[in-house]
Amino acid sequence: MIIHLFLAIGFADPFFPSLGPWLGTALLGTFLAAIPVLIHLLNKSRFIQLEWAAMTFLMAAVRKNARRVRLQQLILLITRVLLILLVISALAQPYREHEGFTFQNNARHHKIIVIDSSLSMGFQSNQESSFDQARNIAIQILKESNKGDPVSILTMGSPARLVNGPSYDHSMVHNQLKTLENSYETADLVSTLSQIEVTIKLLENQPLLNEVYFISDLQKSNWLYENRSPNYDKEVGQLARRVDDQAAIIILDVGQTANENLGVLAVSSDNPLVTPDTPITLTGTIGNFSRKVQNPLVELWVNQQMTTRQTVSISPYEVANVRFHPTFSREGNHSVQIRIPVDQLPADNQRWMTVPVESQFEILCVNGKSAGRFFQRATSYLQTALAPQPASAFSSNPIRPIIVPESRWDEVIQNYSCIFFCNVGQFTENEFALLKQHLHEGGAIIWFLGDQVISENYNRILYRGGDGVFPVELGNRVGDADAMNQIFLFDPKEYEHDIIKPFQSEPRSGLVTAGVYSYIKSTLPPNQKSRLVLSYNNGDPAIIEQSIGKGRSIVVTTAADSTWSNWPQSNPSYVPLIHQLLHYSLEDRLQKQTTQVGIPIRLLLPNPRANQVDILTPAGISESIELSTPGVLFYPVPSLQTTVSPGIYRVQDAASNTPSSPSIAFAINHPERESDLTKLTYQELVNQVWPGIDFVYLTDWMDTDANQKVNIRHRGMLHELLIYILLALIMAESFLAWKFGPSNR
C-alpha cells in the first residue's frame, strides 16, 4: 500500500524535465541537502589539537557531555537537511495521481467542457450528427456533476470561444447547451488550449480540481493539419503541458469510423474581366474522400437558378474538375453556385462565387514622361496596346486605359484594380503606404522602367530589402539606347511561367526576336518571394513578379515605349504580352470578393464616403453596420457576435434610398480542409499531437470497462502542505539552535 502511494506521487514542474519527473528533482535535492553535511564535516576537521596542562582538566569535562552534544548536533543537521529537501519539493509542485475516471475526494471540480464545433462535426449517422452526440454527452457530464461544481463551456472553433462560465447555475448551462449549434469553421487547437488556460485562471484562487473534457471527432486535418507552421507543434506542446499541469484531461471521441464524404472544394473563373454576353469558363473542383469511385451529378446555379448539370467520375481519394460555360446578359454582381447531391455532410456540398460583370474596365496608366507628341509619352504604346484605335473597329474591347501624370495618381488609386507605372522617377513614403494597401487589398501593379527611374529611390522606398511592394533590387543601367551598339533578346527558357506559356505554341509571335537596347539590371531577393517570368539572353531578369497580400506586383525592366527597344513599335508580341500581364495580374480579382468562414474580408465600397451599410445575409436577414473607416467594410464585425454561414452577401449603402444605387456582393465559403474526414488515430494523438501528456481517451462516455481506465492526475495541493511543514521546521530549527547553543550547555 505504501509503495503504491509513493509511486502515485509526481512533480508538475520538474527541474530537469529531460531526466523525468523524479530523477531531476532527486538529483538537485541530493546535491543541496549534502551542503549542510559537508559544512558539518568541515567544522569538525578545521581545529588543530595542542596538548597543554590545563587541557587535561577541560577534556575530562567535555567527555562527560560529548554524547549529548553529538546528539544535539545530529538533530540540528537532520533538521537543516530536511529544510532544504522540503524547499526543493515544494518548488517542484508535487501531485498525487488518482486512478480511474471518478476522483474519490471531497474537493470541488471545475469542469471545462470543450465541444468541437468545426464543420466536420455535422457528419450525420443514424439521423444524428457528431455535434448532436457531443452536445448530449456534455449534458450528461453536467447532470453527473455535483451542485457545487463550477462548469465552463467552450467551443473548439476558429477561434475558440467561451460560451458560458465558469457558472454554478447548472440549469442555465443546460439551457445554453440545448441551444448550442455547430459552426462552419475549422477547429483551432492553439486557440482552444489558450482559452482553456485563461478559463482555468478565472478560478485559480479557489481550491478546485480542474477537469477538461474534449468532445471531438478528432478530424486529422484539424488536430494534425499538414500546412501548420514550423512553430505550431512546439506551441501546441507548451500549451498542452501547461494545461496538463493544472487539470485532468479527458478526450471523448465521437468520430465516425465509416466517414466517407464528397465535397465541393473550389470554384474559379478563367477570365477576371467578365463582360455581358461573353462566355466564360467556370471550373468546379470536387473531392472524393472515400474508398470507392463516385459519380456525382454536379449542378451549376446562376442567380439562384439551376442552368446546367453534368456527371463526373472521381477515383477514390482524388479530385476532379467540372467545367461550365455560362454567359451573363447584364451588368452587375452575379452569384454562382456549384452543387452536388446532399450526403452525410451536407454543409460542404456547395460552393459560391460572385462574378462582377462590366461593359468596360478602367485601367490606370501613370505617365512618368510627358511630351508634346503622342508617341513620345511613356504610356503611348501601352495605351494603344490596351485599347487599339480607332474605337469603332474594336467596339467590343472592354478595356479603357485612363492616363494620368505622375503627380495625380495618388488621388484616384482607390478607383482602380490595376495600375501601370511607366517611367515614373521616384516615390514618397506616403505613396508607398497607398501602394502597399492597394496590393494587400487584391490590386495589381505593373511597373515599366525607363530613363527617369532613380534606382536608389526605388530600392529605399519601394523594395525595402525584399519586404516592400517592388519585387527586385535595381542596379545600374545596361546598354546604350542612343548608340544601339548592343541588342538584348528575350529568352523564355522553357516557357514555364503562366504569363509566357501561350507563346510556346506560337513560334512566330515574335517574343524571341524583340530587340532591347537598354534596361536596368535587377537582382531577385534571396527570400524566394519573387519569381522570374522572362530573361534576357545574357541571363539578366527581364520580367519578374511577386504576390503581395492578395495582389500582384510585376516589373518589366525595360521601357514601355520605344526609347529603349524596338519591341513596342514593330514586334507582334508586344500587344499580346501586355494583355497577358494584365490578365495574370488580375487573375485573383474575383477571389478578392471571396473569403472563407473564420477569415474576415475587407472591401472598398463604391461610395468612399459611406459610413453605414446594410448587409443582406444568405438567410435573408438585413444587418446594419457602422463603418469604422468611411468607404471600407470589414466583415464579419466582431461586435455583432453573429454566426457566419456560407453563401452570398450583398452590401448596400444605407444612406441611399434608391434600389438602383451602386452595391457590391461577396461570397463566404466553408474551409475546404473540413471535407476530408480522415480521423486521428489514438497512436497519432499520443505520439504526434500530445507526446508526454497524460489524458484519458474514451469512445463511449458510459463505458466503465477497466481497460478504458488510465491514471490521470490532480495536484491535490501537496505543495501547500509542504510549505506549512517547512514553516514549522524553520521555527523548530531556530528553537533547537537556541536550545542547543553554548549558553544552555
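Everything below is about the structure shown above.
All of these numbers come straight from a predicted model, not from anything done at the bench.

Here we take up the overall build of the protein chain. In terms of regular secondary structure, the protein chain is built from 16 helices and 36 strands. Within the protein chain, buried positions represent 48% of all 745 residues. Long-range contacts, defined as pairs at least 24 residues apart, comprise 72% of the intrachain contacts of the protein chain with a sequence gap of at least 6. A total accessible area of about 37,200 Å² is found for the protein chain, and carbon and sulfur atoms account for 53% of it.

The biggest cluster of nonpolar side chains holds 42 residues, and the ones touching the most others in it are L386, F420, F448, F490, I543, L581 and L582. With 6 residues, helix 14 (residues 574–585) is the largest single contributor of residues to this core. Beyond its immediate chain neighbours, meaning those up to four positions away, L581 contacts I446, F448, I499, I543, I554 and V556. The next biggest cluster of nonpolar side chains, apart from the first, holds 35 residues, and it includes V366, V424, I445 and W447.

Glancing now at helix 4 (residues 130–143). When the terminal C-alpha atoms of helix 4 are compared, their 20 Å separation across 14 residues agrees well with the 20 Å that a helix rising 1.5 Å per residue should span. Taken as a whole, helix 4 has its buried residues at S130, F131, A134, R135, I137, A138, I139, I141 and L142.

One way to put it is that helix 6 (residues 189–201) packs onto helix 8 (residues 232–246) with a least axis distance of 9 Å and a crossing angle of 25°. By the angle between their axes, helix 6 is roughly parallel relative to helix 8. Here helix 6 and helix 8 pass one another in a crossing that is left-handed. Residue-level inspection shows L189, V190, L193, S194, I196, E197 and I200 of helix 6 in contact with helix 8, the latter providing Y232, E235, V236, L239, A240, R242, V243 and Q246. For the contact of helix 6 with helix 8, a count of residues per class yields 10 nonpolar, 2 polar and 3 charged.

Pairing in this open sheet of 3 strands is antiparallel, and the strands run 10-11-14 from one edge to the other. Strands at the two margins of the open sheet, each flanked by one partner only, are strand 10 (261–269) and strand 14 (318–324). Averaged over all adjacent pairs, the angle separating strand axes in this sheet is 20°, with direction ignored. By the bridge criterion, 7 bridges tie strand 11 (residues 282–289) to strand 14 in an arrangement that is antiparallel. By the bridge assignment for strand 14, T283 is matched with R323.

A word on the sheet that holds strand 23 (residues 515–516). The sheet built from 9 strands is open, its strands ordered 18-17-19-20-27-26-25-22-23 with mixed pairing. At either end of the open sheet lies a strand with only one pairing partner, and these are strand 18 (399–405) and strand 23. Pairing of strand 19 (residues 418–422) with strand 20 (residues 444–448), which is carried by 5 bridges, proceeds in the parallel orientation. For I419, the partnering residue across the bridge sits in strand 20 and is I445.

It is worth spelling out the packing of helix 4 against helix 5 (residues 170–179) at this point. For any two helices packed against each other, the geometry comes down to the angle between their axes and how far apart the axes lie. Where helix 4 contacts helix 5, the two axes come as close as 10 Å, and the packing angle between them is 175°. By the criterion of interaxial angle, the relationship of helix 4 to helix 5 is roughly antiparallel. Every residue of helix 5 that contacts helix 4 at R135, A138, I139, L142 and K143 is listed here: H170, V173, H174, L177 and K178. A breakdown of the residues in the contact of helix 4 with helix 5 according to their chemical character gives 5 nonpolar, 2 polar and 3 charged.

This paragraph deals with the pattern of salt bridges. Counted under the stated rule, the structure contains 18 salt bridges. With a closest N to O distance of 3.3 Å, K493 and D491 form a salt bridge. Among the residues examined, D491 registers a relative accessible area of 23% and is labelled partly exposed. The partner of E545 in a salt bridge is R531, with the nearest N and O atoms 3.4 Å apart. In this pair, E545 is assigned in strand 26 (residues 541–548) and R531 in strand 25 (residues 530–536), connecting sequence segments 14 residues apart. Among the residues examined, E545 registers a relative accessible area of 3% and is labelled buried.

What follows concerns unusual backbone geometry. Across the chain, the bulk of peptide bonds are trans and the bulk of non-glycine residues have phi less than zero. With an omega of 5°, the peptide bond between S158 and P159 qualifies as cis. Mapped onto the elements, P159 comes out in the loop between strand 6 (151–156) and strand 7 (161–167). Its identity as a non-glycine residue notwithstanding, D277 has a phi of 65°, on the positive side. Position of D277 relative to the elements: it lies in the loop between strand 10 and strand 11.

Further remarks concern the side chain of E185. Residue position: E185 is located in the loop between helix 5 and helix 6. A polar side-chain atom of E185 sits 2.9 Å from a polar atom in the side chain of R161. The contact partners of E185, leaving out residues within four places of it in the chain, are S118, L119, G157, S158, P159, R161, V597, P671 and E674.

One can find T354 in strand 16 (residues 350–357). Of the residues examined, T354 reaches a relative accessible area of 1% and is grouped as buried. Discounting chain neighbours no more than four positions away, the residues touching T354 are H334, L590, Q593, I648, A665, F666 and A667.

Next up on the list: the environment of D614. Topologically, D614 is positioned in strand 30 (residues 612–616). For the pair D614 and I625, spaced 11 residues apart in the sequence, the C-alpha separation amounts to 6.3 Å. Engagement of the side chain of D614 in a polar contact is seen with the side chain of S624, the distance being 3.5 Å.

The next point concerns the packing of aromatic side chains. The final tally for this structure, using the stated rule, is 24 aromatic pairs. Centroid distance F488 to Y519: 5.1 Å. Interplanar angle 85°. Geometry classified as edge-to-face. Taken together, the residues F488 in strand 22 (residues 488–491) and Y519 in strand 24 (residues 519–523) connect sequence positions 31 residues apart. Looking at F488, the relative accessible area reads 4%, which means it is buried. Three or more aromatic residues joined by ring pairs make a cluster, and in this case those are F214, W223, Y682, W690, F695 and Y697. In this structure, R464 packs its charged tip against the face of F432, placed 3.8 Å from the ring centre. Across from the ring centre of Y584, 4.1 Å away, lies the NZ or CZ of R552, which sits over that ring.

Thresholds, definitions, all that
Residues numbered from 1 in each chain as written. Predicted model: local features only at pLDDT ≥ 70, side-chain atom pairs only at ≥ 80, totals over all residues. Heavy atoms only, no water. Helix = DSSP H or I, 4+ residues; strand = E, 2+ residues; numbered from the N terminus. Buried < 20%, exposed > 50% of the residue type's maximum accessible area, 1.4 Å probe, protein only. Contact = heavy atoms within 4.5 Å. Areas by Shrake-Rupley, 256 points an atom, 1.4 Å probe, with all protein chains shown as cover. Core = buried A, V, L, I, M, F, W, Y, C linked by side-chain atoms within 4.5 Å. Expected span 1.5 Å × (residues − 1). Axes fitted to C-alpha atoms, helices over the stretch in contact; angles between N-to-C directions. Parallel < 35°, antiparallel > 145°, perpendicular 65-115°, else oblique. Left-handed = near helix turned anticlockwise from the far one by under 90°. Nonpolar A, V, L, I, M, F, W, Y, C, P; charged D, E, K, R; others polar. Pairing = 2+ DSSP bridges. Salt bridge = Lys/Arg side-chain N within 4 Å of Asp/Glu carboxyl O. Polar contact = N/O pair within 3.5 Å; in protein donor to acceptor, adjacent residues only side chain to side chain. Phe/Tyr/Trp six-rings, centres within 6.5 Å; stacked < 30°, edge-to-face > 60°. Lys NZ or Arg CZ within 6 Å of the ring centre and 35° of its normal.

Purely geometric stuff here, so don't read any function into it on its own.
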